[in-house]
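Observations on the model geometry
Each chain, written out:
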Amino acid sequence: SMKKLTICAVLATAFACSKAPEPEAPKVEAPSKRVFFIEPANGASVSSPVKVKMGVEGMTVEPAGKIVEGTGHFHIIIDAPASEEGKVVPADDSHKHYGKGQKEADLTLKPGKHKLVLQFADGEHKSYGEKLTDTIEITVK
């Protein structure tokens, strides 16, 4: 036990442990949640129809219909901004809904540059907002 004491004393001196403030309670972080395009890569040159693979972490993909905590489904927004948190994602040519829980899609896009936004939304198509989006730019040959 004398040996232990010495090591402690040495450590305390070396790291000024005795003067260190009380450690704060660890912050409990929610598991990180994110959505992302698996493919195509940002900046990719692709041909139409564009094969899109969608990924999500920290949430579960479920078909639309009912609101279940921690679940949702994908939307791809083409050349338009993401939907604000709590707003229903529109259904039109710029907003593709994958309400059956699909994780892959084929997009028919005109040649040129396009901005794609992956948007996760709940069972009533209400957007989870900016935090659950991913944006890439691609060029269709």
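Along each chain, residues carry numbers from 1 onward, in the same order as the chain's sequence is written. Residues qualify for local features only when their pLDDT is at least 70, as the model is predicted, and side-chain atom pairs are given and counted only at 80 or more; totals for whole chains, interfaces and linings, by contrast, use all residues. Water and hydrogen atoms play no part in the side-chain values, which are based on all heavy atoms of the structure.

Let's shift gears to the environment of Ser-127. Each helix corresponds to a stretch of at least 4 residues labelled H or I by DSSP, and each strand to a stretch of at least 2 residues labelled E; elements are numbered beginning at the N terminus. Residue position: Ser-127 is located in the loop between strand 8 (112-121) and strand 9 (133-140). Along the sequence, Ser-127 and Glu-85 sit 42 residues apart, while their C-alpha atoms lie 4.9 Å from each other. Setting aside its immediate chain neighbours within four residues, Ser-127 contacts Ser-83, Glu-84, Glu-85, Gly-86, Lys-87, Val-89, Gln-119, Phe-120 and Ala-121. Contact criterion: two residues are considered in contact whenever any of their non-hydrogen atoms come within 4.5 Å of each other.

So, on to unusual backbone geometry. In the segment running from Glu-39 into Pro-40, the intervening peptide bond is cis, with an omega of 0 degrees. Going from Ser-48 to Pro-49, the amide bond is cis rather than trans, its omega being 0 degrees. Along the chain, Pro-49 turns up in the loop between strand 2 (45-46) and strand 3 (50-57). Positive phi, normally seen in glycine, also occurs at Asp-79, with a value near 55 degrees. In the Ramachandran plot, His-125 falls in the positive-phi region, its phi being about 65 degrees despite a non-glycine side chain. Take His-125: it is sitting in the loop between strand 8 and strand 9.

Across the sheet, three strands lie side by side as 1-3-7; this open sheet has antiparallel pairing. A strand with exactly one partner marks an edge of an open sheet, and here the two such strands are strand 1 (34-39) and strand 7 (104-107). Within the sheet, the average angular offset between the axes of one strand and its neighbour, ignoring direction, is 30 degrees. With five bridges joining them, strand 1 and strand 3 adopt antiparallel strand pairing. Its bridge partner being in strand 3, Val-35 is matched across the sheet by Val-56. When DSSP finds two or more bridges between two strands, those strands count as paired. For helices, the axis comes from a line fit to the C-alpha atoms of the stretch in contact; other axes are also lines fit to C-alpha atoms, and the angle between any two N-to-C directions lies between 0 and 180 degrees.

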